[in-house]
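# Remarks on the overall topology
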Amino acid sequence: MVASAHSPSTLGRRGRLALDEVLNELVQDGYLRSEDGAQVRMGQLSGRSALELHPLAIIAEAKLANRNDPAQRQLGIELLTEWLAGKSGLDYCKIDPMKIDAPAVTRVVSNAYALRHRILPIESHPEYAVFATCEPFETRWATDLAQMLRREIRLVVSNPLDIQRFLSELYGVQRSIQLAHDANGEGPAGSAILNFEQLVDLGKRGEIGADDRHVVHIVDWLLQYAFEQRASDIHLEPRRENGHMRFRIDGVMQKVFELPSPVMTAVTSRIKILGRLDVAEKRRPQDGRIKTRSATGREVELRISTMPTAFGEKVVARIFDPEIASKDFSQLGFSATEDAVWRQMVGRPNGIVLVTGPTGSGKTTTLYSTLKHLARPELNVCTVEDPIEMVAPEFNQMQVQPAIDLDFAAGVRTLLRQDPDIIMVGEIRDLETAQMAVQASLTGHLVLSTLHTNDAPSAVTRLLDLGVPHYLIQSTLAGVVAQRLVRTLCPHCKKEGVQDRIAWDALTHGYQLPLPARVNEPQGCLECRKTGFLGRTGVYEMLRMSPRLRSMVSPQLDLLRFGEAARKEGMQPLRVSAAAQVVRGLTTVEEVLSVLPLDEMREDVAPDND
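In the annotation of an unreviewed UniProt entry, the protein chain is listed under the name General secretion pathway protein E and assigned to Oleiagrimonas soli. As stated in UniProt under Sequence similarities (unreviewed entry), the record for the protein chain gives "Belongs to the GSP E family."

What follows is the structure, given as structure tokens:
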């Protein structure tokens, strides 16, 4: 909320804002000089017509310095909007489209009505409706609308460019959904064969076509919206009546939209067509990929997976943005020590380096970033993956094809005949793949791969469980890295706080790490959607195989003693790495505890009497 701290305003005496009066007020309040105002007026006269542009947008386009700011930063559209909110005595609101119930708000007023008055409905309740406006002094429409709707009308002030953009998007997408739904009548889609609770309505028309222009519009909007919101996954989940669209952002699922079942089925078919999947096959899972461009022109790949459910096909699209999936080591969250250890591990001419962790812990990003770092013109870097996560021009990539007996083991066997220097195996799942990885290492190649284990020492016992002889593990395993992803505090709003000793002791149990005097805490702002977190970073447990650790590898390996020895050799457990991230002010203890449960963390501490 922005309270008015200005002198009584002369704005809005004629209702809709005029450029001259806005400039005069900004000069009076010290944001601009008189010559700045004259510059804006001259630019308006000599350039484009301002009939359709809001005065704040015209002033922001001039990119003038804020004279009230000691650093004289640019007078941007959001600052101008906050200033206008203060002048009008209304709350300032940064529109978050993910928090708008589009079907509900678009029923409050028509698109034409909203465009005419430069308003956007953002909340709809039985007792009141909330509208974002960029004309806070023109409110006659609100009085009339309150009488028609028999509801209280509440106003907030928002960025005029956001209002214009989301008016087009929300009403446009909702109209496409309604038109697509109307084309099919009111009943559920007849194509949802697996919907075991489907109601049969006689006399309804056939299903909506995936090439229907309204369906195409919905899918195009969905993909662009996901890119803008930094989503890592798009989930389309069919239900009996309304299907759900959800995004995973910073590891957390967020509901985006609801679609009527027939429209959800058509959207699913459209995505299957784009991913070159069999549209007619709805009973079996399928995998595909889409390559597209974001609004900024950046190429983005999506990996598509379909799964039959009770009410139709569920679709998950995992988004691989090259700028996110391939990072510099410093951007992965390595400390200086971890960076040096990792470079030493992957800088060897041969050996096996494993990255472990659960699904979604960032293993793919770590491996791709490492391969990008290692790939040089004089080296032949080859991968065998299931599926290929992201196509990279620096590598020679092969996809596993179980239908023709091309599994990981066969893939590695083939790569060995391709004169490789570095081999990346997507995952070691069985003894045959492990044996081929060992063979590749023994013949002078560096092999990178992944395993699913909770910590780094467990990777050794996992290899033993698969049946790899202990002496081959001794001679080939160079190191293991276990990792997790934790959300990072929003740099725009985090504030200093005092660390709770009980939570800190729970995190650092057994390591007596000193309690930090000051730490950062989440607040919540417009940039992070009031969550307090923006983005994620890795926490790592790096096990480098020393001569002593190699000598301990045996068929009857004692995991507790092996882990204790690894810590004495310099391995820092996951929670110690996480504690360091807390001390650096990047995350919180509570966030770490949500990723590393206490019972899992206590397992990495050997009993005191050992």
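Still more ground to cover, so stick around.
## Description of the side chain of His54
Checked against the element boundaries, His54 lands in the loop between helix H2 (34-46) and helix H3 (55-61). Among the polar contacts made by the side chain of His54, one reaches the main-chain amide nitrogen of Leu56 at a distance of 3.1 Å. When near neighbours in sequence (up to four residues on either side) are disregarded, His54 contacts Leu17, Arg118, Cys134, Glu135 and Pro160.

## As for the pattern of salt bridges
As enumerated under the stated definition, the model contains 30 salt bridges in all. A salt bridge links Arg154 to Glu152; its shortest N-O distance comes to 3.3 Å. Several salt bridges converge on common partners, so that one network encompasses Glu25, Asp29 and Lys87.

## Things to note about the pairing of strand E9 (residues 299-309)
In terms of strand pairing, strand E8 (residues 286-293) meets E9 through 8 bridges, oriented antiparallel. Residue pairing for E9: Gly288 is matched across the bridge by Ile304. Remark: 5 residues form the turn of the hairpin made by E8 and E9, two consecutive strands paired antiparallel; Gly297 in that turn has positive phi of roughly 90°. Summarising the sheet, E9 and strand E10 (residues 312-320) pair through 9 bridges and their orientation is antiparallel. By the bridge assignment, Leu302 is partnered in E10 with Ile319. The antiparallel hairpin formed by E9 and E10 contains 2 residues in its connecting segment.

## Things to note about the environment of Arg303
Checked against the element boundaries, Arg303 lands in strand E9. If sequence neighbours within four positions are ignored, Arg303 has contacts with Gly288, Arg289, Val316, Ala317, Arg318, Phe320, Pro387 and Glu389.

## A short note on the pairing of strand E3 (residues 128-133)
Here E3 lies mainly inside the structure; 6 of its 6 residues are buried. The alternating pattern of E3 places Tyr128, Val130 and Ala132 and Ala129, Phe131 and Thr133 on opposite faces, both of which are buried. As paired strands, strand E2 (residues 119-124) and E3 are joined by 5 bridges and run antiparallel to one another. Counted as the bridge partner of Ser124 is Ala129 from E3. With antiparallel pairing between neighbouring strands as the criterion, E2 and E3 make up a hairpin whose turn holds 3 residues. Direction of pairing for E3 relative to strand E4 (residues 152-157): parallel, over a ladder of 6 bridges. Within the sheet, the bridge partner assigned to Tyr128 lies in E4 and is Glu152.

## As for the environment of Glu564
Its place among the elements puts Glu564 in helix H20 (residues 559-568). With relative accessibility at 17%, the residue Glu564 sits in the buried group. Separated by 107 residues in sequence, Glu564 and Pro457 have C-alpha atoms that sit 9.5 Å apart.

## A look at the packing of helix H12 (residues 336-346) against helix H13 (residues 363-374)
Relative to each other, H12 and H13 sit at 65°, their axes nearing to 12 Å. Accordingly, the angle class assigned to the pair H12 and H13 is roughly perpendicular. Where H12 crosses over H13, the two elements pack in a sense that is right-handed. Here H12 contributes Trp342, Arg343 and Val346 to the contact with H13, which in turn contributes Thr366, Thr370, His373 and Leu374. Grouping the constituent residues of the contact of H12 with H13 by class yields 3 nonpolar, 3 polar and 1 charged.

## Quick word on the packing of aromatic side chains
Counted under the stated rule, the structure contains 8 aromatic pairs. Considering the side-chain rings of Trp221 and Phe257, the 5.5 Å spacing of their centres and the 65° angle between planes classify their relative orientation as edge-to-face. Of this pair, Trp221 sits in helix H9 (residues 213-228) while Phe257 sits in strand E7 (residues 252-260), and the two are 36 residues apart along the sequence. Take Trp221 and Phe257: they sit in the same class, and that class is buried. Ring geometry for Phe334 versus Trp342: centroids 6.3 Å apart, planes at 50°, classification tilted.

## Details of the nonpolar core
Judged by nonpolar contacts, the single largest core of 63 residues is most densely connected at Phe131, Ile234 and Phe247. The biggest single contributor to this core is H9, with 9 residues. Domain assignment of the residues forming this core places at least three in each of domain 2 (97-158) and domain 3 (171-183 + 210-323). Beyond its immediate sequence surroundings of up to four residues, Phe247 is in contact with Met98, Leu222, Tyr225, Ala226, Gln229, Ala231, Asp233, Ile234, Val252, Met253, Gln254 and Val256. Membership of the second largest hydrophobic core comes to 42 residues, among which are Phe408, Ala410, Val425 and Val553.

## A look at the side chain of Ser261
Residue placement: Ser261 occurs in helix H10 (residues 261-274). By relative accessible area, Ser261 is classed as buried at 13%. With sequence-adjacent residues up to four places away left out, Ser261 is seen in contact with Arg239, Arg240, Glu241 and Asn242.

## Here's the deal with the sheet that holds strand E14 (residues 422-425)
Across the sheet, which stays open at both edges, the 7 strands sit in the order E13-E12-E14-E15-E11-E16-E19 with mixed pairing between neighbours. Since the sheet does not close on itself, it has two edges, and those belong to strand E13 (396-399) and strand E19 (533-544), each with one partner. Here the strands of the sheet are splayed against their neighbours by 20° on average, with no regard to which way each runs. Here E14 pairs with strand E15 (residues 446-451) via 4 bridges, running parallel. Looking at the pairing, Val425 lines up with Ser449 of E15. H12 rests against strand E11 (351-356), E15, strand E16 (477-489) and E19 of the sheet, and its axis sits at about 60° to E19. With respect to the sheet, H13 is in contact with E11, strand E12 (381-385), E13, E14, E15, E16 and E19, its orientation differing from that of E15 by roughly 170°.

Parameters at a glance
Residues numbered from 1 in each chain as written. Predicted model: local features only at pLDDT ≥ 70, side-chain atom pairs only at ≥ 80, totals over all residues. Heavy atoms only, no water. UniProt positions renumbered as here; feature names shortened; annotations may be inferred. Helix = DSSP H or I, 4+ residues; strand = E, 2+ residues; numbered from the N terminus. Polar contact = N/O pair within 3.5 Å; in protein donor to acceptor, adjacent residues only side chain to side chain. Contact = heavy atoms within 4.5 Å. Salt bridge = Lys/Arg side-chain N within 4 Å of Asp/Glu carboxyl O. Pairing = 2+ DSSP bridges. Buried < 20%, exposed > 50% of the residue type's maximum accessible area, 1.4 Å probe, protein only. Axes fitted to C-alpha atoms, helices over the stretch in contact; angles between N-to-C directions. Parallel < 35°, antiparallel > 145°, perpendicular 65-115°, else oblique. Left-handed = near helix turned anticlockwise from the far one by under 90°. Nonpolar A, V, L, I, M, F, W, Y, C, P; charged D, E, K, R; others polar. Phe/Tyr/Trp six-rings, centres within 6.5 Å; stacked < 30°, edge-to-face > 60°. Core = buried A, V, L, I, M, F, W, Y, C linked by side-chain atoms within 4.5 Å. Domains from an automatic or database assignment.

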